[in-house]
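# Architecture at a glance
Letter by letter, the chains look like this.
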Amino acid sequence: MTADDSGAASRDRETDDDAVRDDPARGRGEGATGRGEPPDNGDENNIAVRLEQLILGADRRYTPFQAARGAGVSMDLAARFWRAMGFADIGQVKALTEADVLALRRLAGLVEAGLLSEAMAIQVARSTGQTTARLADWQIDSFLEGLTEPQDSGLTRTEITYPLVELLLPELEEFLVYVWRRQLAAATGRVVRAQDDAEMVDRRLAVGFADLVGFTRLTRRLEEEELGELVEAFETTCSDLVAAHGGRLIKTLGDEVLFSADDAGIAAEIGLRLIETMTNDETMPELRVGIAFGTVTTRMGDVFGTTVNLASRLTSIAPKDTVLVDEAFAEELGRIGDAPISEADAAAAEKAAEEGTGAPPPSYRFALQPMWQRPVRGLGVIEPWLLSRRTGQGTGG
């Protein structure tokens, strides 16, 4: 650090110390009253700064260059980390805190220790930033907004937001860490159960899409609030069903969800449950589901490959309120005993059992009906199969 830098840092500290002496609440990250309330001068910009201080737990102290130097990384690498996390370029404005310096130092330390390559560290930053950005947007748009409706007390939303965030912040933080640890444990368990190293990245999975029929028409007919409620109900229903039956929700795309499962039987159950649930909900449009089975590349929580593309195409050609699967999925259901390889053979076995000339047939859960063969661009000729429940099989449990 040069003498000029040292002098500048000293002046910064003196300025901060003076500010704390003039306003003791600033040193505690509290509002002007010292009780956590925002000032009542109506200055929303001031309240926004105080909210930032409350959430981040620190004042703005560093420019990006100072933060990078404090973390011992180049400005170029720091900028790449920040962009990967989804933070906008801010020039050399003094807008960063000690936590920003520490985060840079930790990522760089993982690279220096050889635990992560530089490219992998940037991927970690990007995946974390994308996931938490969506979570933060949801919490503000859907959660906090509903709790900060103007009250009978006459307080404005701005005046209510500060104490509300102050109360919720520690609880939400603890809950976030809890859910992350549970998800990390589950993901680690899946990796440990993988048969070999190659299977950790390229695995054989069932991949399914569920798509609302006629969603584009709905966007023109429904009010924005009604459309938002419909999408939220759809995503919530899909998330709950996928999780409850042992699948994984990969992502939601408004009118479409992508899910996966290690077992074809689990994926089949999820697909049919989605159709059955939506059909019984009069507020929901028709649904169609397409599922394929095969090798899938997993990366940053997403899935890629021909199997995913095939599942998407099956969804696009599925009749409403049906589940279409590919030939590999049908074969996998037969292999694990969840569906007969041949309905004719299954019927013959059942008849023989009824006449006492054969052993009782297996108790299949699903039925498969071959559909028309058709060419699909980029995938060649495919033969979809219509998936349904076996006669007499219930939907309970």
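Residues numbered from 1 in each chain as written. Predicted model: local features only at pLDDT ≥ 70, side-chain atom pairs only at ≥ 80, totals over all residues. Heavy atoms only, no water.

Turning our eyes to something else, we now look at the overall build of the protein. Along its length, the protein carries 15 helices and ten strands. Of all intrachain contacts in the protein linking residues separated by at least 6 positions in sequence, the fraction that spans at least 24 positions is 65%. Just so you have it, the protein exposes about 23,200 Å², and 52% of that area is on carbon and sulfur atoms. (Helix = DSSP H or I, 4+ residues; strand = E, 2+ residues; numbered from the N terminus. Contact = heavy atoms within 4.5 Å. Areas by Shrake-Rupley, 256 points an atom, 1.4 Å probe, with all protein chains shown as cover.)

Our focus in this paragraph is the environment of Val381. Relative to the assigned elements, Val381 resides in strand 9 (residues 380-382). Not counting residues up to four positions away in its chain, the partners in contact with Val381 are Gln373, Arg374 and Pro375.

Before going further, it helps to examine a negative patch on the surface. There is a patch of like negative charges on the surface, built from Glu223, Glu224, Glu225, Glu226, Glu229 and Glu232. Mapped onto the elements, Glu223 comes out in the loop between helix 10 (215-221) and helix 11 (224-244). Take Glu223: its relative accessible area is 55%, and that puts it in the exposed class. (Patch = residues over 30% accessible without salt bridge, like charges linked within 9 Å, V, L, I, M, F, W, Y side chains within 5 Å. Salt bridge = Lys/Arg side-chain N within 4 Å of Asp/Glu carboxyl O. Lys, Arg positive; Asp, Glu negative; His and termini not counted. Charge placed at Lys NZ, Arg CZ, Asp CG, Glu CD. Buried < 20%, exposed > 50% of the residue type's maximum accessible area, 1.4 Å probe, protein only.)

The next thing to look at is the confidence of the model for the protein. Averaged over all residues, the pLDDT of the protein equals 80, while 76% of them reach at least 70. Below a pLDDT of 50 lies the segment residues 1-42, which in the model reaches 41 contacts outside its immediate sequence neighbourhood of four places, other chains included. Low pLDDT, under 50, characterises residues 393-397; the stretch is placed with nine contacts to residues that sit more than four places away or in other chains. (pLDDT = per-residue confidence, 0-100.)

This part is about the pattern of salt bridges. All told, the structure shown has 14 salt bridges when counted by the stated rule. Here Arg273 and Glu269 are joined by a salt bridge, their closest N and O atoms 2.5 Å apart. In this pair, Arg273 and Glu269 are both assigned in helix 12 (residues 264-279), four residues apart and thus about one turn of the helix distant. For the residue pair Arg273 and Glu269, the accessibility class agrees, reading buried in each case.

Moving on to the pairing of strand 10 (residues 385-389). The side-chain alternation of strand 10 yields one buried face, formed by Trp385, Leu387 and Arg389, and one unburied face, formed by Leu386 and Ser388. Examined bridge by bridge, strand 6 (residues 323-325) and strand 10 share three bridges and lie antiparallel to one another. Considered in strand 10, the bridge of Leu324 is made with Leu386. Direction of pairing for strand 7 (residues 366-370) relative to strand 10: antiparallel, over a ladder of five bridges. Each residue of the ladder has a partner; that of Gln369, found in strand 10, is Leu386. (Pairing = 2+ DSSP bridges.)

With respect to the secondary-structure elements, Gln53 resides in helix 3 (residues 44-56). Dropping the residues within four chain positions of it, Gln53 is found in contact with Ala58 and Asp59.

Moving on to a nonpolar patch on the surface. A cluster of nonpolar side chains, contributed by Leu135, Trp138 and Leu176, occupies part of the molecular surface with about 270 Å² of accessible area. By relative accessible area, Leu176 is classed as partly exposed at 41%.

Here the focus is the packing of helix 5 (residues 75-84) against helix 6 (residues 98-112). At a minimum axis distance of 11 Å, the contact between helix 5 and helix 6 shows a crossing angle of 105 degrees. Considering the angle they form, helix 5 stands roughly perpendicular to helix 6. Facing helix 5, whose interface residues are Ala78, Phe81 and Trp82, helix 6 presents Leu104, Leu107 and Ala108. Within the contact of helix 5 with helix 6, the residues separate by chemical class into six nonpolar, no polar and no charged. (Axes fitted to C-alpha atoms, helices over the stretch in contact; angles between N-to-C directions. Parallel < 35°, antiparallel > 145°, perpendicular 65-115°, else oblique. Nonpolar A, V, L, I, M, F, W, Y, C, P; charged D, E, K, R; others polar.)

If you check which residues of helix 4 (residues 64-71) are buried, you get Pro64, Ala67, Ala68 and Ala71. Seen from one end, helix 4 has its buried residues packed into an arc of 100 degrees, which puts them on one side. Buried residues in helix 4 make contact with helix 5 and helix 6. In the stretch just after helix 4, Gly72 is the one whose phi turns positive, near 75 degrees. (Arc of directions from axis to C-beta.)

Here the focus is helix 5. Those residues of helix 5 lying buried are Leu77, Ala78, Ala79, Phe81, Trp82 and Ala84. Directly after helix 5, the chain includes Gly86, whose backbone phi takes a positive value near 95 degrees.

Our next topic: the environment of Ala125. Position of Ala125 among the secondary structure elements: in helix 7 (residues 118-147). As a C-alpha pair, Ala125 and Phe81 span 44 residues in sequence and 6.4 Å in three-dimensional space.

Once that is clear, we can look at the packing of helix 4 against helix 6. Relative to each other, helix 4 and helix 6 sit at 45 degrees, their axes nearing to 8 Å. Between helix 4 and helix 6, the crossing angle belongs to the class labelled oblique. Seen from above, helix 4 lies across helix 6 with right-handed handedness. For the pair formed by helix 4 and helix 6, the contact residues are Ala67, Ala68, Gly70 and Ala71 on the first element and Val101, Leu104 and Arg105 on the second. Of the residues in the contact of helix 4 with helix 6, the class split is five nonpolar, one polar and one charged. (Left-handed = near helix turned anticlockwise from the far one by under 90°.)

Moving on to the pairing of strand 2 (residues 248-252). Relative to strand 3 (residues 256-261), strand 2 runs antiparallel, the two sharing four bridges. Paired with Lys251 across the strands is Leu258, a residue of strand 3. Taken together, strand 2 and the strand that follows it, strand 3, pair antiparallel across an intervening segment of three residues, in which Gly254 is found at a positive phi of about 80 degrees.

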